[in-house]
Each structure stands twice: as C-alpha cells, then as structure tokens.
Amino acid sequence: MSILFDKNNKTYTIHTRRTTYQMQIAPTGHLLHLYYGRKAEGTFDYLIQPRDCGFSPNPYELRHQREWSLDTQMQEYSGSMTGDYRLSAILCATAEGLRGADLRYARHEITAGKYALRGLPAAFAGAGEAETLSVTLADEAVGLEVELLYGVYEAQDVITRAVRIQNTGAGVLRLDKVASLCLDIPFGDWDLLHFHGRHCMERQSERVPLMTGIQTVGSKRGMSSHQQNPFVILCEHGASEDAGECYGIMPVYSGSHRTEAERDQMGAVRVVSGIQDEGFSWILAPGETFDAPEVLLSFSHEGLAKLSQTYHRFIRDNLCRSKFSNAPRPVLLNSWEACYFDFDADKLLALAREAKELGVDMLVLDDGWFGERNDDLRGLGDWYVNEKKLPGGLAPLIRQINDMGLKFGIWIEPEMVNEDSELYRAHPDWAMTVPGRGPAMGRDQLVLDMGRKDVVEYLYRVLSALLRENHIEYVKWDFNRGLADVYSRVLPPERQGEAAHRYVLGMYNLLERLTTAFPDVLFEGCAGGGGRFDAGMLAYVPQIWCSDNTDAVERLAIQYGTTFGYPVSAMAAHVSASPNHQTGRSTPLETRAVVAMSGTFGYELNPAQLSAVEKEAIRDQLARVRRYDALIHGGDYYRLTDPRDAKRVAAWQFVAPDKSEALLNVVVTHPEANPRPLHLRLKGLDPDAMYVADGDERTYSGAALMYGGWTLAALFGDYPSAQLHFQKV
Ligand code: GLA
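Residues numbered from 1 in each chain as written. Predicted model: local features only at pLDDT ≥ 70, side-chain atom pairs only at ≥ 80, totals over all residues. Heavy atoms only, no water.

**Details of the packing of helix α10 (residues 589–596) against helix α11 (residues 612–634)**
Okay, step 1: Relative orientation of the contacting elements α10 and α11 amounts to 20°, with a least axis distance of 11 Å. What the angle tells us is that α10 and α11 run roughly parallel. Crossing hand, α10 versus α11: right-handed. Residues L589, E590 and A593 of α10 touch α11, and the partners they reach there are E614, A617, I618, Q621 and R624.
Okay, step 2: Each residue belonging to the contact of α10 with α11 can be placed in one class, and the counts come to four nonpolar, one polar and three charged. (Axes fitted to C-alpha atoms, helices over the stretch in contact; angles between N-to-C directions. Helix = DSSP H or I, 4+ residues; strand = E, 2+ residues; numbered from the N terminus. Parallel < 35°, antiparallel > 145°, perpendicular 65-115°, else oblique. Left-handed = near helix turned anticlockwise from the far one by under 90°. Contact = heavy atoms within 4.5 Å. Nonpolar A, V, L, I, M, F, W, Y, C, P; charged D, E, K, R; others polar.)

Dropping the structure here:
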C-alpha cells in the first residue's frame with residue numbers, strides 16, 4: 001500500500017520508491033500539507049510551529065488562538081477569502097453573490113488503480129501499478145465540494161494530481177479559477193527553472209531565484225505556447241544535474257495555462273498550477289461537476305537528471321497511449337523544406353524515389369495538397385485533394401509510393417480555416433470571432449470553434465474518411481496560430497468564459513476519436529514547430545515537431561531545454577539542407593545528423609541536391625539510427641553540458657537501462673585555434689563493468705569513464721561533432 005491513512009492523527013502518508021508525501025486534517029477540518037520530499041518515516045506535524053505573526057487572521061472557531069492562521073499554515077488546497085492571503089487555488093461565486101471557499105474535510109477514499117478524468121487526457125496505469133486517493137473538501141455555505149485526486153505511481157516516483165469540483169448547492173455556481181494543484185513548500189531556498197521561447201526558439205531554459213512575491217509562467221494564447229512551456233521545476237539553489245532537491249510540475253494540458261510560485265512573508269513557497277484563470281469562468285448547475293486537468297508531480301533529491309529521467313519514462317510508459325510510444329519510428333522524408341508549396345505528383349514521386357534510394361522509410365506530404373492551397377493565404381478547411389496538383393487524388397500517388405516500398409504520411413491543420421476557403425464560405429459562424437469586430441488574424445487564418453459539437457463532428461467525418469480511404473500511415477497535425485477572439489456563437493453570454501477551455505476539450509475529443517479509430521496511424525503533433533509541446537498532446541501523440549528551426553546549432557539549445565521534461569522519443573528532429581533555411585548557417589551533414597538523432601529522426605531536404613558523397617554519408621547515418629534506436633529512445637538521457645555556456649560545447653549521452661551500452665554525442669559550437677583538451681565525464685555507467693568504444697581495442701572500466709572521464713581528439717572545422725558508442729564487454 002503506497003497510501004496510508006492514520007485515523008489517530010488523521011494523517012495521510014503516501015510513499016513512492018524515493019519520496020514521501022504527507023497531509024493532515026486539522027482540528028478545524030482544513031487539510032494541511034505536511035511534507036513532500038525525500039522518503040522518510042514519521043509524522044511531520046512538528047515542523048510547523050504556530051505563532052502569531054500579525055495581520056494574519058484566525059478561523060472563527062480559533063479566534064482566540066492568534067498563532068493559528070490559514071495565512072501561515074501549509075495547506076493542501078487553499079480556498080479563498082479565508083484569511084489566507086497567498087495564492088488562491090479556487091475562486092467562485094454563487095448566484096446570490098457569495099464568493100470565496102472555506103474548504104473543510106468531508107470524506108476520503110483509497111482505491112486500487114488510477115482515476116480517470118472526463119474529456120481530459122490523463123496518465124494510465126497497468127494492473128497493480130497505481131493507487132488513487134480521493135479527499136473531498138467542502139464549503140457548505142457556498143454549496144461546493146472539491147475532490148482532490150492523487151494517482152500514486154509508487155515505482156515511478158510520480159504522483160498525479162487533479163481536482164473535481166461539484167456544485168452541491170441549490171443554485172448556480174460560477175467558477176472563476178480552479179487550480180489543479182496547490183503545493184506548499186515551507187522551507188528552503190529555491191530557484192525556478194522554466195522554459196520560455198518564441199517561434200523557432202522554443203524551450204530555452206532559464207533559472208532564476210524565487211523572489212519574495214509571485215512569479216508566473218503561463219499562456220493566454222489558447223495553446224500551451226512557444227513562449228512559456230507548461231512545465232516548471234523548483235530546485236534548490238545549489239541543485240545540479242547530479243545532486244540536490246527538485247520538484248517537477250507538469251500540467252497535462254494544451255490550452256492556456258498558468259503556474260504561479262509565491263514566496264510569502266515567512267519565506268515559504270506556494271505553487272498553484274492549472275488552467276489560466278484570466279478570461280476563464282465555468283458555470284455549474286446544481287449537482288454538476290467540473291474536472292480540472294491533471295498535473296504530473298515528481299520530486300528528486302538526486303538532481304535534475306534523475307527528475308528528467310522520471311518524466312521521460314513516465315510519459316513513454318504511463319501517459320502516451322499510442323502503440324508507437326515505445327516502438328521504433330519510421331525514418332521519414334518531409335516535403336516541406338524540400339519543396340514547400342511547389343510540387344505536383346511527378347515531383348513527389350521523384351522525391352520518393354530518392355528517399356527510397358537513401359533508405360528512408362516514409363515520404364510525408366506536408367502542407368499544400370488540398371483545396372486551393374498554393375500558398376498560405378487560402379484553402380485551410382478544405383480537406384479534399386487538389387486534383388490539379390495530384391490528378392486522380394491521393395490514392396494513385398500513395399499506391400505508387402507504396403509500390404516503391406515506402407510508407408506515406410500527410411499533413412493536416414484541422415482546427416483552422418482561411419477566409420478564402422469553401423468551408424469558411426459555407427460556415428463563417430464556425431470561426432471564433434467577436435461579433436461586430438474584425439478578428440485578429442494570424443498567418444491569414446482563423447481558428448475554428450472546437451467547442452462546437454458540429455465543428456468536431458464535421459472534422460471527424462472528413463478526417464476519418466481521409467484516413468479510411470487512403471493508405472496513410474502517419475499524420476502531422478499542425479496548429480499555426482493562437483486563439484485571440486475567444487467568443488463562441490453557441491454559448492450564452494454568461495458562459496463565454498468557458499469558450500477557451502471548451503475549445504481544448506473539443507480538440508482532445510477529436511484527437512481521442514481519431515487516434516482510437518486509427519491506432520495504426522502514427523500521429524505527430526505540431527504547432528508552428530513546438531508551440532504545443534506539452535504533456536496533454538503527448539497523451540495522444542508519441543512525437544511532436546520540436547521546432548520550425550532546423551538549424552543544428554540552434555536545435556542544441558531547443559532540444560536541451562526540451563529534455564528537462566520530455567523524452568527524446570517525443571522530439572521530432574530532422575536533418576535539413578545547408579545553408580539552413582531559418583538562420584542561413586552552414587553546418588556539416590554529420591553534425592546535423594548527430595543533433596537530429598537525439599529525436600525522432602527524419603530528413604527535410606531535397607535529396608536530388610545532394611552529392612554522391614553526401615548520399616553515402618546518409619546511408620551510414622541511417623544504419624546508425626537503426627542500430628542505436630532502442631538506446632536513444634529507451635535509454636536514460638544525460639545532459640553533460642549546457643550548450644549555451646562559455647565553453648560552447650554541447651554534450652549529451654544515452655545509457656541503456658541495463659547499462660550495457662552508451663552513446664556519447666558532442667558538438668562544438670565555437671571551435672578555437674589551439675583548443676584546450678575536450679574532456680568529459682560519462683554518466684550512468686556500471687562502475688564495475690568494462691566498456692570498449694567502437695573502433696578501439698582497449699577496454700575501460702565504467703568507473704574510469706565516469707570518474708576519470710574521456711578526452712576527445714581535437715575537433716576541427718565549422719561546428720564539428722563526434723558520436724561515440726561504448727559497449728560493455
Ligand atoms: C508549420 C509547421 C511546418 C510546416 C508548415 C506548413 O509552420 O511547423 O513544419 O508544416 O507549417 O505550412
């Protein structure tokens with residue numbers, strides 16, 4: 001049993017392999033948070049010493065005990081308007097104008113297995129893999145019940161959190177904020193590690209000390225966003241890759257989100273995470289419930305690498321439902337940077353022939369195959385083939401490609417519509433726009449209101465027909481602008497605050513139905529590159545296009561930041577042409593391949609423009625991709641350097657779970673004359689085993705490679721790279 005309830009002191013204790021989580025019902029009925037950290041026995045109620053710190057109110061029944069205030073107690077899920085002035089986890093109002101939530105214990109339940117959420121992606125568990133704790137808190141004055149859900153994965157060191165709200169009153173209840181998680185951390189000096197960015201420069205890591213006050217990471221774009229990824233880590237000031245305490249907080253949500261960290265007057269920290277509350281409201285009729293998205297919580301006392309590895313494994317094994325999650329992926333050649341909108345059937349067949357000759361598994365036809373889509377000004381929404389480009393439709397093209405021994409994949413952007421499209425002309429009301437106001441445009445397109453059942457039904461019908469009628473084995477699901485004019489024509493005025501979340505639920509509904517109906521199709525997420533790279537999408541799709549930036553040197557920082565939360569098997573990465581189309585930079589083909597190999601591998605170039613030598617090099621790359629596939633996608637990932645630090649060396653490593661082999665990757669981003677020795681220490685090996693590097697006869701102990709390290713031969717030229725494979729002997 002990983003969840004224990006001690007009736008005597010009313011304490012819940014959750015143990016995972018390396019962590020302990022504890023909470024206690026206070027005499028007032030408030031649920032206090034006692035501890036989350038390294039595994040330890042004991043009851044942690046002795047840690048918080050009540051004292052009167054002034055201007056912190058007391059609950060009515062303790063009005064003479066000035067030292068007991070909700071403002072200074074650690075709480076499991078803060079209410080609002082209770083005299084706790086720190087971050088509120090919930091804001092609500094009754095029809096009579098009663099606001100606030102004073103949450104007291106009502107009941108609890110411990111069950112085998114993992115809870116599920118309605119309409120939302122959530123982690124799953126195999127038999128015996130997880131237990132669920134449900135603790136219900138209530139505010140009778142408001143008519144509100146808050147069910148706190150904990151999915152405990154003992155072996156994985158992950159606790160999932162979610163919240164279900166019920167209106168138990170007689171009238172309507174409006175929710176203005178519902179956090180999925182509140183986590184109070186009473187002591188310590190913490191840094192916030194988060195992943196910001198912009199289009200083409202996603203998930204740049206930034207580490208800042210938590211200031212006194214509130215720091216926020218969030219998005220109001222209706223998408224998890226290029227700008228602020230919904231994953232944060234709180235780590236001790238001194239925490240490194242290998243040592244120190246860190247907490248990971250990962251919302252399983254792809255829409256507007258918000259994670260706030262507040263360091264309060266006493267130096268304690270509260271983290272509150274969930275749906276973005278700006279613009280959000282949700283109306284519950286009596287008896288109705290609302291499920292807030294899940295958050296994946298993990299803690300490591302052994303530094304950041306361990307925390308990342310926990311998330312990597314958990315996403316692969318317990319979140320992503322695709323049968324491809326742990327399977328080798330086809331190596332694909334994508335048509336986008338090869339020919340953009342400029343193609344016809346002959347050109348695609350030529351591309352396919354070249355791809356086959358190189359040893360690629362699949363041709364992916366990107367944007368431009370449908371409607372009048374000859375540029376990015378028109379056609380979105382018209383998901384029927386453009387027969388001027390592809391006479392006879394997709395079927396004959398796919399047949400010829402399959403006959404060459406290649407699979408075929410396709411690009412779609414279902415949630416969007418261009419004004420210049422048949423779909424928009426037929427259903428202008430399906431687009432999200434504010435009546436009477438010109439909508440904000442993005443890439444000349446509008447967003448369909450995915451909160452509408454008719455829109456989702458239409459898309460399911462046309463897309464399932466596309467997949468049924470054609471032998472399509474891969475779908476790249478794109479999303480190329482954020483939401484701005486958030487207004488739904490099917491919602492009454494008082495429910496307009498629901499539109500953005502209903503959008504996400506509709507999008508998940510479509511994804512869920514399509515991925516369930518077509519389990520053999522490999523789906524890849526995309527949003528102008530990595531604008532919707534989050535755990536919500538990864539519940540449905542095993543891989544996401546990491547960035548529209550395919551420059552190998554820039555990709556180092558993008559992929560580095562991405563690995564803090566997400567597995568390499570989720571990061572789509574391609575070798576593209578040089579000079580690079582986004583930066584104009586020239587890099588060696590080998591370096592581009594080494595970088596792209598730390599992802600789901602593919603090419604995004606026109607092979608006809610390659611020399612014979614380059615084609616031979618690609619055949620060698622493909623041999624390595626296949627040889628190292630299990631090691632790269634199933635191994636433990638180690639960041640050996642920050643590619644942006646002063647030495648300008650990017651190094652990272654994979655180790656097989658049984659430590660039988662390892663792959664070391666190095667790229668020098670600023671070669672110097674007369675360079676200092678390039679020395680690295682390997683990680684994660686078996687210290688007592690002997691290893692041999694490919695092409696070498698000498699053997700080295702794991703201990704030698706980890707503690708003594710490895711000195712690489714000097715690398716010369718523009719952006720040189722090295723890839724070294726070590727095998728246990
Ligand atoms: C987005 C994607 C690209 C490509 C284009 C097509 O920008 O990220 O990879 O598919 O759309 O329009």
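**Topic: the packing of aromatic side chains**
The geometry of an aromatic ring pair is captured by the separation of the ring centres together with the interplanar angle, meaning the angle of the planes.
Okay, step 1: For the coordinates displayed, the defined rule picks out 31 aromatic pairs.
Okay, step 2: For the ring pair W282 and F290, a centre distance of 5.0 Å and an interplane angle of 55° mean the geometry is tilted. Taken individually, W282 and F290 each receive the classification buried, so the pair is uniform in this respect.
Okay, step 3: Ring geometry for W369 against F370: centres 5.2 Å apart, planes inclined by 75°, an arrangement best described as edge-to-face.
Okay, step 4: Note on F370: relative accessible area 0%, which makes it buried.
Okay, step 5: Grouping aromatic residues by their ring pairs yields a cluster made of F195, F231, Y311, F533, Y560, F564 and Y566.
Okay, step 6: Directly above the ring of Y60 sits R63, whose terminal nitrogen or CZ lies 3.8 Å from the centroid.
Okay, step 7: Here the guanidinium or amino end of R513 rests over the ring plane of Y460, the centre of that ring lying 4.3 Å away. (Phe/Tyr/Trp six-rings, centres within 6.5 Å; stacked < 30°, edge-to-face > 60°. Buried < 20%, exposed > 50% of the residue type's maximum accessible area, 1.4 Å probe, protein only. Lys NZ or Arg CZ within 6 Å of the ring centre and 35° of its normal.)

**Topic: the sheet that holds strand β8 (residues 144–153)**
Okay, step 1: Reading across the sheet, the nine strands line up as β6-β7-β8-β9-β19-β15-β14-β11-β12 and stay open at both edges, with antiparallel pairing between neighbours. Looking at strand neighbours, the two that pair on one side only are β6 (104–112) and β12 (204–209), the edges of this open sheet. Taken pair by pair, the neighbouring strands of this sheet meet at an average axis angle of 20°, ignoring direction.
Okay, step 2: The sheet contact formed by β6 and strand β7 (residues 131–139) spans eight bridges and is antiparallel. Residue pairing for β7: Y105 is matched across the bridge by L137.
Okay, step 3: Its contacts with the sheet put helix α1 (residues 303–319) on β8, β9 (158–167), β11 (190–196), β12, β14 (228–236), β15 (246–251) and β19 (289–300), and the angle it makes with β19 is roughly 135°. (Pairing = 2+ DSSP bridges.)

**Brief notes about the pattern of salt bridges**
Okay, step 1: This model, assessed by the stated rule, comprises 50 salt bridges.
Okay, step 2: Across the salt bridge formed by E145 and R107, the nearest N and O atoms sit 2.6 Å from each other. With E145 in strand β8 and R107 in strand β6, this pair connects stretches of sequence that are 38 residues apart.
Okay, step 3: Given a relative accessible area of 14%, E145 falls into the buried group.
Okay, step 4: Among the salt bridges present, the one from K476 reaches D366, with a minimum N-O distance of 2.8 Å. With K476 in strand β25 (residues 474–477) and D366 in the loop between β21 (362–365) and α4 (394–403), the pair connects residues that are 110 residues apart, well separated along the chain.
Okay, step 5: Among the residues examined, K476 registers a relative accessible area of 4% and is labelled buried.
Okay, step 6: Look at the salt bridges and you will find they share partners, linking D84, R86, D184, D264 and R270 into a network. (Salt bridge = Lys/Arg side-chain N within 4 Å of Asp/Glu carboxyl O.)

**Some details on the nonpolar core**
Okay, step 1: Judged by nonpolar contacts, the single largest core of 194 residues is most densely connected at Y77 and W369.
Okay, step 2: Two domains share this core, each providing at least three of its residues, namely domain 1 (3–319) and domain 2 (639–728).
Okay, step 3: Aside from chain neighbours lying at most four places away, what touches W369 is F343, W383, Y384, V385, N386, L390, L394, I410, W411, I412 and L466.
Okay, step 4: In this structure, A651, L664, L705 and A722 belong to the second largest nonpolar core, which totals 25 residues. (Core = buried A, V, L, I, M, F, W, Y, C linked by side-chain atoms within 4.5 Å. Domains from an automatic or database assignment.)

**A closer look at empty space enclosed by the protein**
A probe matching the size of a water molecule, rolled over the atoms, marks out where space remains unfilled.
Okay, step 1: Scanning all chains against the criterion turns up 10 cavities of 30 Å³ or more.
Okay, step 2: One number sums up the size of the largest cavity: a volume of about 100 Å³.
Okay, step 3: Together, 13 residues line the largest cavity, and L556, Y560, Y637, A650 and W652 are the ones closest to its centre.
Okay, step 4: Of all the secondary structure elements, the ones that give two or more residues to the lining of the largest cavity are α9 (552–562), β30 (636–639) and β31 (649–655).
Okay, step 5: Empty space within the second largest cavity amounts to approximately 80 Å³.
Okay, step 6: Lining the second largest cavity, in full, are R329, M597, G599, T600, F601, V625, D629, I632 and H633.
Okay, step 7: Looking at the lining of the second largest cavity, the elements with two or more residues in it are β29 (600–604) and α11.
Okay, step 8: Residue contributions to the lining of the second largest cavity peak at four residues, all from α11.
Okay, step 9: Tallied by class, residues from the lining of the second largest cavity come to four nonpolar, three polar and two charged. (1 Å grid on protein atoms, 1.4 Å probe; cavity = no way out; pocket = protein on both sides within 12 Å on 5 of 7 lines; lining within 4 Å. Points joined across faces, edges and corners; volume = space filled by probe spheres on them.)

**Examining the state of the cysteines**
Okay, step 1: Applying the stated rule across the entire model yields zero disulfides.
Okay, step 2: Not part of a disulfide, C246 finds its nearest cysteine sulfur in C235, a span of 6.1 Å.
Okay, step 3: What makes C246 buried here is its relative accessible area of 0%. (Disulfide = S-S within 2.5 Å.)

**A word on the environment of F324**
Okay, step 1: If you trace the backbone, F324 turns up in the loop between α1 and β20 (332–334).
Okay, step 2: For the pair F324 and S88, spaced 236 residues apart in sequence, the C-alpha separation works out to 40 Å.
Okay, step 3: Each residue touching F324, except ones within four places of it in the same chain, is listed here: R329, P519, D520, V521, L522 and P542.

**Here we look at the sheet that holds strand β3 (residues 19–25)**
Okay, step 1: A sheet is described by the order of its strands in space; here four strands give the open sequence β1-β2-β3-β4, paired in antiparallel fashion. Edge positions in the sheet fall to β1 (3–6) and β4 (31–38), since each has one partner strand and no second. Between one strand axis and the next, the sheet turns through 15° on average, direction left out of account.
Okay, step 2: Strand direction decides the pairing type here: strand β2 (residues 11–15) and β3, joined by five bridges, are antiparallel. Bridging across to β3, I14 finds its partner in Y21.

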